[in-house]
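Each chain, letter by letter, is given below.
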Amino acid sequence: MTEKEALSKAMAYCAARECSISQMHSKLVQWGVDREVSEQIISSLIQENFINEKRYAMTFASDKFRFLNWGRQKIAFALKQKGIPSGLINEAINSIDQEEYVKRLEKFISSKRKTLKGGTEYQNNIKLIRSAVNRGFEISLIREIVPLVEE
């Protein structure tokens, strides 16, 4: 694949979906593009605004929160895994509306509570807390919603 073909393919890929620099690096390696050429292609993509990590982080955080009900911690971890700088990660997770965030957590806990069968209230609350933590919500916020009082 020539540099021009690789650039064209990379532009098409970025036009179809948001992409981080590390994801594009992986794609270019997968396509068999040399390292030097891939650096030039990525520079071109950034210059032409095909790749914008701030936009990527904001979109990623918004989508994972809105569609998958992920909490801030899980979103931050996933963005870090994708090589997004910590400043952009903080900006992205702080862009999530706090009121909506709490409502989503309450709704998640409420729907999860309906699926629990048997067990004491304490045991069920432990399960709720564990589920919410696994979704990436902060323990301090979860504890405001789910009481943990031993019987």
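Up top is the structure these notes are about.
Residues numbered from 1 in each chain as written. Predicted model: local features only at pLDDT ≥ 70, side-chain atom pairs only at ≥ 80, totals over all residues. Heavy atoms only, no water.

Colleague: What's the story with the overall build of the protein chain in this structure? I'm lost.
Modeller: In terms of regular secondary structure, the protein chain is built from 9 helices and 0 strands. Helices and strands appear in the protein chain in the N-to-C order α-α-α-α-α-α-α-α-α. Taking the principal axes of the C-alpha coordinates as reference, the protein chain spans close to 70 × 25 × 20 Å. Of the contacts formed within the protein chain by residues at least 6 apart in sequence, a portion of 62% connects residues at least 24 apart. Within the structure as shown, the protein chain displays about 9,300 Å² of accessible surface, and the carbon and sulfur contribution to it stands at 49%. Charge-centre separation for the protein chain: the mean point of 24 positive side chains lies 8 Å from the mean point of 19 negative side chains. (Helix = DSSP H or I, 4+ residues; strand = E, 2+ residues; numbered from the N terminus. Contact = heavy atoms within 4.5 Å. Areas by Shrake-Rupley, 256 points an atom, 1.4 Å probe, with all protein chains shown as cover. Lys, Arg positive; Asp, Glu negative; His and termini not counted. Charge placed at Lys NZ, Arg CZ, Asp CG, Glu CD.)

Colleague: I'm lost on the packing of helix α4 (residues 53-68) against helix α5 (residues 72-81) in this one. Help?
Modeller: The relative placement of two packed helices comes down to the angle between their axes together with the axis-to-axis distance. Put simply, α4 and α5 touch, their axes get as near as 10 Å, and they point 140° apart. Accordingly, the angle class assigned to the pair α4 and α5 is oblique. Between α4 and α5 the crossing geometry is right-handed. Here Y56, A57, F60, A61, K64 and F65 of α4 lie close against α5, whose contacting residues are I75, A78 and L79. Of the residues that constitute the contact of α4 with α5, the class distribution is 8 nonpolar, no polar and 1 charged. (Axes fitted to C-alpha atoms, helices over the stretch in contact; angles between N-to-C directions. Parallel < 35°, antiparallel > 145°, perpendicular 65-115°, else oblique. Left-handed = near helix turned anticlockwise from the far one by under 90°. Nonpolar A, V, L, I, M, F, W, Y, C, P; charged D, E, K, R; others polar.)

Colleague: Before we go on, may I ask you to explain the packing of aromatic side chains in this structure?
Modeller: For any pair of aromatic rings, the description rests on two quantities: the centre-to-centre distance and the angle between the ring planes. Inspection of every chain in the model, using the stated rule, returns 5 aromatic pairs. Between the aromatic rings of Y101 and F137, the centroid separation amounts to 5.1 Å while the plane-to-plane angle is 45°, which identifies the pairing as tilted. Placement of Y101 in helix α7 (residues 98-115) and of F137 in the loop between α8 (121-134) and α9 (139-145) is noted, with a sequence separation of 36 residues between them. In this structure Y101 comes out as buried when scored by relative accessible area, which is 0%. For F137, a relative accessible area of 1% corresponds to the buried category. Note that R17 overlies the ring of Y13, its terminal NZ or CZ placed 4.3 Å from the centroid. Residue placement shows K64 over the ring face of W70; its charged tip is 5.2 Å from the ring centre. (Phe/Tyr/Trp six-rings, centres within 6.5 Å; stacked < 30°, edge-to-face > 60°. Buried < 20%, exposed > 50% of the residue type's maximum accessible area, 1.4 Å probe, protein only. Lys NZ or Arg CZ within 6 Å of the ring centre and 35° of its normal.)

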